Amino acid sequence: MSYLTRVDEYLHAAPLSGATPEQVGPFTLFRSTTIWPYYARPVPGTGPVEPADVERVRERCAELELPLNFEWVVETCPSMGEAAAAAGLTVVEYPLLVLERDDFKPYAGSARCEILPADMELLRQARAVAGVGFSNPGTDVGDSGAAERDEALAEVSAETGQALLERAESGVSVTAAAFGDEGMLASGVHQPVGATSEVVGVATLPSARRQGLGAAVTSCLVEHALANGVDLILLSAQNDAVAAVYERVGFHRIGHAGGAE
C-alpha cells in the first residue's frame, strides 16, 4: 500500500472518534458528536468529483446547520480542488509529510518536553498555548507569551476541558508540551488509529519561538507513537517554513493536503 493510500484511509477513519459518518454522493460528511465541527471528505478511491457533488454537500450542511468544510489528499483526488473552486469555495493546499521508524531523528536540544497525563488543567493549558500560537501564525518571534497564554486559558471552557480529558482518557488524543521558566511554552497532539497516527496542533508561544520547541514537541510525540504500536506518522504543515521544522526530525514530503470552505 502506498503512503498516499494509507494516509488517505487514516484521514477517513480518524474523525470517527468524534463524529458520525453520512454518505452524500462521493463524500462522507462527518457529523460531529463532540464540541468541535468536522468536515466532508471524498471517499478513498472515489472517481472524479464534480461541482454538483460539492453542491449536494452544501445543501445537506444547510439542512443540518453545519459549516461547509472539505478536506482531502490532493494527489488521491485531484479533481476535488477544481470542483470546490467552481462551486465558489476558497481552496488551499498544504505540504503533507510522513515519517516511519527508520526516518526518525530524535530532537537533541535541551528543552524539557513530556507527554501530558490525562489531567484537565494541563490539557486546558496546552489548548491555551495552541490558541495563542495559531492566532499568531508563522515562525517569527513575537511579543505574545505567558501573559497571553494565561488570558487564553481563562477562555478555555469547562466543556472544552471535559472534551479534551475524555479524548485523552480514551487514548484517541495524546498531548505533549514543552516547558521553560514561564511554564508551558509549546504543545502538540498525536491521534493514533491502529498503526497510523497524525501529529496535529503543534504550536509555540510567539515569544518562545526559534528555540527548537516545536521540533522538541514533535519529537516527543513521535517517540510516544512509535513506542505504542504506530509505524507511520503523518502531518500537514502550514507552509514550507513550518514543514522545515518537521523535516528536522525526519518527516519527508509525499504530497499535499487540500482544504476548502
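Give a detailed account of the pairing of strand β9 (residues 196-204), specifying residues and quantitative values.
In terms of burial, β9 is a largely internal element, seven of the nine residues being buried. The pairing of strand β8 (residues 183-193) with β9 spans seven bridges and is classified as antiparallel. Considered in β9, the bridge of A186 is made with T204. In the sheet, β9 pairs with strand β10 (residues 232-236) via three bridges, with the strands oriented parallel. Bridging from a neighbouring strand, T196 pairs with L232 of β10. Of the crossover connections in this fold, the one passing from β9 over helix α7 (residues 213-226) to the parallel β10 is right-handed.

Could you give me a rundown of empty space enclosed by the protein, with the residues and numbers involved?
Under the criterion given, the structure shown has one cavity of 30 Å³ or more. If you add up the space inside the largest cavity, you get close to 40 Å³. Every residue lining the largest cavity is listed: D8, R41, P42, V43, P44, G45, T46, W72, V73, T76 and C77. Among the secondary structure elements, those contributing two or more residues to the lining of the largest cavity are β3 (40-42) and β4 (70-73). Per-class residue counts for the lining of the largest cavity are six nonpolar, three polar and two charged.

So what about the pattern of salt bridges? Which residues, and what values?
For the coordinates displayed, the defined rule picks out twelve salt bridges. Among the ionic pairs, R6 bridges to D231, the shortest N-O distance being 2.4 Å. Within this pair, whereas R6 is found in helix α1 (residues 3-13), its partner D231 is found in the loop between α7 and β10, the two being separated by 225 residues in sequence. What makes D231 partly exposed here is its relative accessible area of 36%. Measuring nitrogen to oxygen at the nearest pair gives 3.2 Å for the salt bridge that ties E114 to R112. The class of E114 is partly exposed, set by a relative accessible area of 32%.

How each quantity is defined
- Residues numbered from 1 in each chain as written.
- Predicted model: local features only at pLDDT ≥ 70, side-chain atom pairs only at ≥ 80, totals over all residues.
- Heavy atoms only, no water.
- Buried < 20%, exposed > 50% of the residue type's maximum accessible area, 1.4 Å probe, protein only.
- Helix = DSSP H or I, 4+ residues; strand = E, 2+ residues; numbered from the N terminus.
- Pairing = 2+ DSSP bridges.
- Right-handed = clockwise from strand over helix to strand, strands pointing away.
- 1 Å grid on protein atoms, 1.4 Å probe; cavity = no way out; pocket = protein on both sides within 12 Å on 5 of 7 lines; lining within 4 Å.
- Points joined across faces, edges and corners; volume = space filled by probe spheres on them.
- Nonpolar A, V, L, I, M, F, W, Y, C, P; charged D, E, K, R; others polar.
- Salt bridge = Lys/Arg side-chain N within 4 Å of Asp/Glu carboxyl O.

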